[in-house]
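This is what each chain is made of:
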Amino acid sequence: MDAIRRIKDEDAILSIDFLAGFTIFILSLIMVISLVPGVLAGIQSDNIDYDAVAYRTSVILVEDPGAPDSWNYEWDYPMIHKADMQRLGLAVDKETPNILSRGKVNFFFNLSPDFIFSAEEYRDKVIFGDIPYLYNISLKVDGESKTYYAGGGTEVPDYQYGYMRRLVKVKEPSSAEINFTNYPGQYTLPLDRNVTSITSDFSVLFPYDVLINKSVNPAYRIDPQSERVTINLSNICSDLNKSDLESMNFAGIAFRREGGGSEIGSLVPWKNETYSLMVNEMPYPGSGGEEVLVNSTNPLITLILYKVPTDEVHFPMFVNFSFSHVFKNNFTDHTYLSGIHRYDYNTSNVTQPELKDAVMEVAIW
Amino acid sequence: MNDEGQLYTIEGITAGVIMLVTAFTIFNSGLVYTPGDAHISDMQIQQLGYDALAMMDTPAELGPVKESPLAEMIKAKNDAGFKSEFNRYLTLHTGTTEFVDSLEFNATVFNRLKNSGAGTVHSYHFSNSTMSEVSMLTREPAISVTRYVWLSDRPGGSVDSEYDNGGQLVLLEVLIWRR
């Protein structure tokens, strides 16, 4: 009786059948698992295909805008933003492959002294993969003598390496070259002879609703949110009656929303997070600086806007250049500088973004 | 019979492990599609060709109805212009690696006729590289790259049997091979 009961009780007994079946199953599972990474990519396994890595790197660089897709870090403490960048794609937009942003190119190839990538960061953010690949990424823009190299790269070896060559265009930012000799009568106003001094604004208007318009192809779009814009004022009083002017001074700038309203942005330092103002290529404070004589010295006034100085980009913004005029006498009527220059897609107002041919070579080994 | 603590547990664990490994493998892999390594040199030429056509089909500036240099060449039947421009793009390099200028090409345009011939496709030779003698002996396979190009009007000098009037899309096919 005892013996029979022991046989019937199968608790916690493994049969030979099960052991054999389970062993076969586990063995085949292990084989499948070891095959799968090679099938999927051929990159993570030992069987490294350098060409595939070079191809992937070139696709990420040339066709992807990166993450985040806007690198508007020219302004404040750019180094702290490096940790936020997960992927370094240089394209202007995901809709426009092979069109690279000049701003991103400058960052990527370490042309901005405040923003340097290390070899480790290139590997983490653009080449990827667990293996510390060696690389050489170069870019040559047509018409420029210099070839740009990604930092930390080494000379390409003679032996086996992965290689990819991509043809691209580099989108140069727009600028407004306002030479007043080219706009006769457009930016002057008459003044009664008895008024012998006046302070006026010459304004550059950014109609954001026109500029940041989705119907404009991103390759040609003027986007002050992600690209710098430059305004150059030259020959400022060429259209005024110089013999009538006792003095004309440049006093600073102000950012204002359309329809009056209060000033936008802090203006105290000459270079803050939104802009840099220069007179004859020397830094100049946006407000409160010593006034610059314009009528006799004929200075070049340059304003570079790195970033829209407000988050409310849907409102058109004025950049006002303030000039004070003092006239010699009240014998004749006067003219003074005033007017609004539109920063838009009109080629007579703004030098449009230009696409320059370039070639990128990626070598990985 | 009491089955507690036997095979069902192990099967469950096995199934769980399989699912986890599958999911982990799929979601953890890079997702850039990469052509197989057997045809990597074909792929490089093909990518270069597509890039060159795309760049030639991109106007340098924004214009209301600005045509690309490529469209202008097809419209003017400018085969010499295409030859030098396409060759210039194929030979652009940064100087980082040793560059060998060894690519040859042959371009054909395809357009569809709606008015005469009732939808037949018309094609003609557009341009080609300077064929060297070595090129005639080549055994390298040719790679085909294509691009649809918008023309605002039919090429100058064309007659109705060659081209419909007005704006149309034509297909440009370029065969590229290494000599």
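It should be noted that the structure appears before, not after, this text.
Before going into details, it helps to say that this report is about the structure given with it.

Thresholds, definitions, all that
Residues numbered from 1 in each chain as written. Chains lettered and ligands numbered in written order. Predicted model: local features only at pLDDT ≥ 70, side-chain atom pairs only at ≥ 80, totals over all residues. Heavy atoms only, no water. Pairing = 2+ DSSP bridges. Helix = DSSP H or I, 4+ residues; strand = E, 2+ residues; numbered from the N terminus. Phe/Tyr/Trp six-rings, centres within 6.5 Å; stacked < 30°, edge-to-face > 60°. Buried < 20%, exposed > 50% of the residue type's maximum accessible area, 1.4 Å probe, protein only. Lys NZ or Arg CZ within 6 Å of the ring centre and 35° of its normal.

## Focus: the sheet that holds strand β16 (residues 339–342) of chain A
- The sheet built from 5 strands is open, its strands ordered β12-β9-β14-β7-β16 (chain A) with mixed pairing. Each end of this open sheet is capped by a strand with a single partner; those strands are β12 (292–293) and β16 of chain A.

## Side note on the packing of aromatic side chains
- Under the criterion given, the structure shown has 22 aromatic pairs over all chains.
- A ring pair is formed by B:Phe82 and B:Phe86, whose centres lie 5.2 Å apart and whose planes are at 10°; its orientation type is stacked. Of this pair, B:Phe82 and B:Phe86 both sit in helix α4 (residues 79–90), 4 residues apart, roughly one helical turn.
- B:Phe82 gets classed as buried once you look at its relative accessible area, which sits at 0%.
- Connected via pairs of aromatic rings, a cluster forms that spans A:Phe108, A:Phe109, A:Phe117, A:Tyr122, A:Tyr135 and A:Tyr148.
- Taking NZ or CZ as reference, B:Lys77 lies 5.4 Å from the ring centre of B:Tyr124, over its face.
- The ring of B:Tyr89 has B:Arg88 lying over it, and the distance from NZ or CZ to the ring centre is 4.8 Å.

## Points about unusual backbone geometry
Residues and elements named next belong to chain A.
- Geometrically, the link from Ala 67 to Pro 68 is a cis peptide bond, its omega value of 0° lying close to zero.
- As for its position among the elements, Pro 68 is in the loop between α3 (50–63) and β1 (99–101).
- You will see that Asn 235, though not glycine, has its phi angle at about 45°, which is positive.
- By the element assignment, Asn 235 lies in the loop between β8 (229–234) and β9 (245–257).
- For Asn 235, a relative accessible area of 25% puts it in the partly exposed group.
- The backbone phi angle of Asn 298 is positive, close to 50°, even though this residue is not glycine.
- Take Asn 298: it is sitting in the loop between β12 and β13 (301–305).

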